[in-house]
Protein chains: 2
Amino acid sequence: MKAAIITIGDEILIGQIVDTNSAFIAKSLDRIGVEIREMISISDDKKQILDTFSTLQDKVDIVMVTGGLGPTKDDVTKKTFCEYFNDELVVNPEVLAHVTQLIEGYFKRPITQMNKDQALVPSTCTILHNKVGTAPGMWMKKENTVFVSLPGVPYEMKYLVEEEIIPKIVREYKRPYIIHKTILTYGQGESLVAERIEQWENNLPDFIKLAYLPNPGRVRLRLTARGTDKEELEKAIEDNVQTLDAIIHDIIVGYEENETIETVIGKLLSKQNKAIATAESCTGGRIAALLSAVPGSSGYFKGGVVSYATEVKANVLGVPQNLIDQFSVVSAEVASAMALNVRSLLKTDYAIATTGNAGPSKGDSDAEIGTVFIALATPNGVITEEFNFGQPREKVIDRATVKSLEILQKEILKIV
Amino acid sequence: MKAAIITIGDEILIGQIVDTNSAFIAKSLDRIGVEIREMISISDDKKQILDTFSTLQDKVDIVMVTGGLGPTKDDVTKKTFCEYFNDELVVNPEVLAHVTQLIEGYFKRPITQMNKDQALVPSTCTILHNKVGTAPGMWMKKENTVFVSLPGVPYEMKYLVEEEIIPKIVREYKRPYIIHKTILTYGQGESLVAERIEQWENNLPDFIKLAYLPNPGRVRLRLTARGTDKEELEKAIEDNVQTLDAIIHDIIVGYEENETIETVIGKLLSKQNKAIATAESCTGGRIAALLSAVPGSSGYFKGGVVSYATEVKANVLGVPQNLIDQFSVVSAEVASAMALNVRSLLKTDYAIATTGNAGPSKGDSDAEIGTVFIALATPNGVITEEFNFGQPREKVIDRATVKSLEILQKEILKIV
């Protein structure tokens, strides 16, 4: 079964917003064995939408369309659907009742004409009920291709994909098995990883594909097996992952599809029954935000201090003023004191600290722009590393955050 | 001048990564008056790439292609370019010298064959020198359409777009004027804003288009004027923005294209010479991370405490234990004490505090999942508000962060 995804909206074409809906839809379809052939973003212009529909007609089995369905925009998409399917808009009483209930009952506002118009749908469409918003989803078929229209608001789109569309596809269509396995590695670049596993890669069977997904500081390897015999696919993936693990065991941090270094750290800390704290200067709370975004993180993440100003390092974290005067706020000595002191203050096993100069201009230190010191306090003492992440500011903060988590994960692993 | 953007990579089609490159390229082209007709993501499959090239040939003036150029992937894209342009790969000595210098001189590693192969380029292409990475950009023209190939690594792609491609287009092509103006509003939903400005919208001249870009808690309005007389466009935009400001002055927070509520807050605090601190529980450092991501934020953001665990609220922030026992950690009383105490501890003018239950399960409080208390301490006292942001966890953290910044911005504005 093949699919295409269309996103409608000028805001995407001028780059004002990044399209995250397509990735969500793709991941959901991929998981049930639907192959996504292409993703297309176009203007909310009737002619361009119709042209794109015609191009995809009978080439794919399902076309998922998002955007162009907000209260101020739904006209174009809905009218275009009517034209493509030679249909007309009619009021759907169930949708009208739902919209009225939501606006008057929940938001306690008088219903407006614009709200009421959201209940206008093509007469022959199958309605996908949107319990979390006012714009319904619509499912219409022409010859061999289904066209599904979804609201562009991410929470509403996600609800309809998960609760309505995926179950409907699973019920109504036959699909092959697609099995993915992701291997998350940290600390080596794409070309170095590629060299190390070249021979293993060349020995992969034809039905398994390997992809490299590089990010600053980490590379995800993704294996994809496609076929009809689920057990055979699973066994082949498992065997090849084992062989791979033997080759690059030193840089592998996890295997879960949605795993990140912060979820891996969370699992390790939970298992060891250990707690962590943070003392952040140049990363400004980013490390704490990543650690605490993991569900269940209250079990091991106690909190931290964002000591952005030099005086906060002294007054709240108790970094001695003479240390700051002697070595400057951006130094191994200050990073080390921050980590040790926040560990004592919050009574944790581990503590990670950052201090650096993210730029674009210098702050309370003469350290070169891009310089970052990372310190990790553990039950056995403190380790400190110095980096220069260059520029821009955003990259320095990103890299310092990722590197801190990498140092932490490596250290925790030693203790397991 | 018309453009299309192609992103190549299976990792995008299965939804494993979100394509942010297209938005960056689109924004850069849009700014110099190039109209983006469509964005397409396809598989790294030679036939599909060739088909997509053919579809766009002579329909647009320039096709920007990203992805498929990393050391492990460049084969497919480069070989496809050769086939489409009936060309062959040759070693480019300048690129080879650059790659060698980067690997051996900067990374201090022996150069591998995979590294050397990055210097293989189609013989007739114009090289776009990539100073920040090993894969060069390539510029090739067939009939009326230019095809540009760029590496998929964001920092490298950005460098080539900004330093090579945009200047080249500006030198070599004529383009109309496109002027955008963004109006950032907070606190009212899309349909309510639309109702309020309906009459104004209907009176806009034909050459000005209005777009609504809704996000949870905020709506961006974007005006786009297109034409040949730059001064006329600018005047029309300015006049219409003034009329709009008179209608919805109460919800407008800024006008800059890349403005966010945290940059607006930064400007206000700098102007007033005031400082801010944070005390975060359920938002886990996210507010601090957003405030500190703004260049120059060290001028007004002193830092904060991430008091994720209840004991940190008591021990570090000094929230009285009896207050916690009596009202629970998720309460207006605790939020208020957190804000007041972090304001004293860090000696700032303002302090924002959050405490809540982000879910998916309950923590140290019986408060309903989704409940968040936000407190703002100011020179005049403290204000507290209660919210329920529902689920999932990610939404609660997002909404609590945005709402905190909104409360802060409204309060600072009162003092201006």
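Residues numbered from 1 in each chain as written. Chains lettered and ligands numbered in written order. Predicted model: local features only at pLDDT ≥ 70, side-chain atom pairs only at ≥ 80, totals over all residues. Heavy atoms only, no water.

Going by what an unreviewed UniProt entry lists, chain A is known as CinA-like protein and is assigned to Flavobacterium calami. In UniProt, chain A has this text filed under Sequence similarities (unreviewed entry): "Belongs to the CinA family." (UniProt positions renumbered as here; feature names shortened; annotations may be inferred.)

Undergrad: Quick question: what am I supposed to make of the pattern of salt bridges here?
TA: A side chain of one charge can pair with a side chain of the opposite charge if their charged atoms are brought near each other. Residues and elements named next belong to chain A. This structure, assessed with the given rule, holds 24 salt bridges over all chains. Where D398 meets R286, a salt bridge forms, and the shortest distance between an N and an O atom there is 3.1 Å. One end of the pair, D398, is in helix 16 (residues 393–415); the other, R286, is in helix 12 (residues 286–293), with 112 residues separating them in the sequence. D398 gets classed as partly exposed once you look at its relative accessible area, which sits at 27%. (Salt bridge = Lys/Arg side-chain N within 4 Å of Asp/Glu carboxyl O. Helix = DSSP H or I, 4+ residues; strand = E, 2+ residues; numbered from the N terminus. Buried < 20%, exposed > 50% of the residue type's maximum accessible area, 1.4 Å probe, protein only.)

Undergrad: Even after reading the chapter, I still don't get the side chain of N240 of chain B, so can you show me in this structure?
TA: Structurally, N240 of chain B is set in helix 10 (residues 230–248). With sequence-adjacent residues up to four places away left out, N240 of chain B is seen in contact with W200, L204, P205 and I208 of chain B. (Contact = heavy atoms within 4.5 Å.)

Undergrad: Help me understand the sheet that holds strand 10 (residues 208–215) of chain A, please; the structure alone is not making it clear to me.
TA: Residues and elements named next belong to chain A. Ordered by their spatial adjacency, 4 strands build an open sheet running 10-11-9-12, and the pairing between neighbours is antiparallel. The open sheet has two edge strands with one neighbour each: strand 10 and strand 12 (252–254). Ignoring strand direction, the axes of neighbouring strands in this sheet form an average angle of 30 degrees. Relative to strand 11 (residues 218–227), strand 9 (residues 177–186) runs antiparallel, the two sharing 10 bridges. Pairing of L184 across the sheet is with R220, part of strand 11. (Pairing = 2+ DSSP bridges. Axes fitted to C-alpha atoms, helices over the stretch in contact; angles between N-to-C directions.)

Undergrad: Please clarify how the nonpolar core should be interpreted in this entry.
TA: Buried together is how nonpolar side chains tend to be arranged in soluble globular proteins. One finds I265, F301 and L408 of chain A together with I265, F301 and L408 of chain B to be the most contacted residues of the largest nonpolar core, which totals 68 residues. Excluding residues that lie within four positions of it along the chain, F301 of chain B makes contacts with V306 and Y308 of chain A together with I276, T278, A288, L291 and S292 of chain B. Listed in part, the 50 residues of the second largest apolar core include V330 and A337 of chain A together with A339 and A351 of chain B. (Core = buried A, V, L, I, M, F, W, Y, C linked by side-chain atoms within 4.5 Å.)

Undergrad: What should I look at first to understand the environment of S344 of chain B in this one?
TA: Residue and element names in this part refer to chain B. Looking at the element boundaries, S344 is found in helix 15 (residues 332–346). For S344, a relative accessible area of 53% translates into the label exposed. A C-alpha to C-alpha distance of 9.7 Å links S344 and L317, two positions 27 residues apart in sequence.

Undergrad: Looking at this model, I keep getting lost on the sheet that holds strand 10 (residues 208–215) of chain B. Mind explaining?
TA: The pairing of strands in a sheet happens through backbone hydrogen bonds and is either parallel or antiparallel. Residues and elements named next belong to chain B. Pairing within the open sheet is antiparallel, and its 4 strands lie in the order 10-11-9-12. On the outer flanks of this sheet lie strand 10 and strand 12 (252–254), each paired with one strand and no other. Between one strand axis and the next, the sheet turns by 30 degrees as a mean value, whatever way the strands run.

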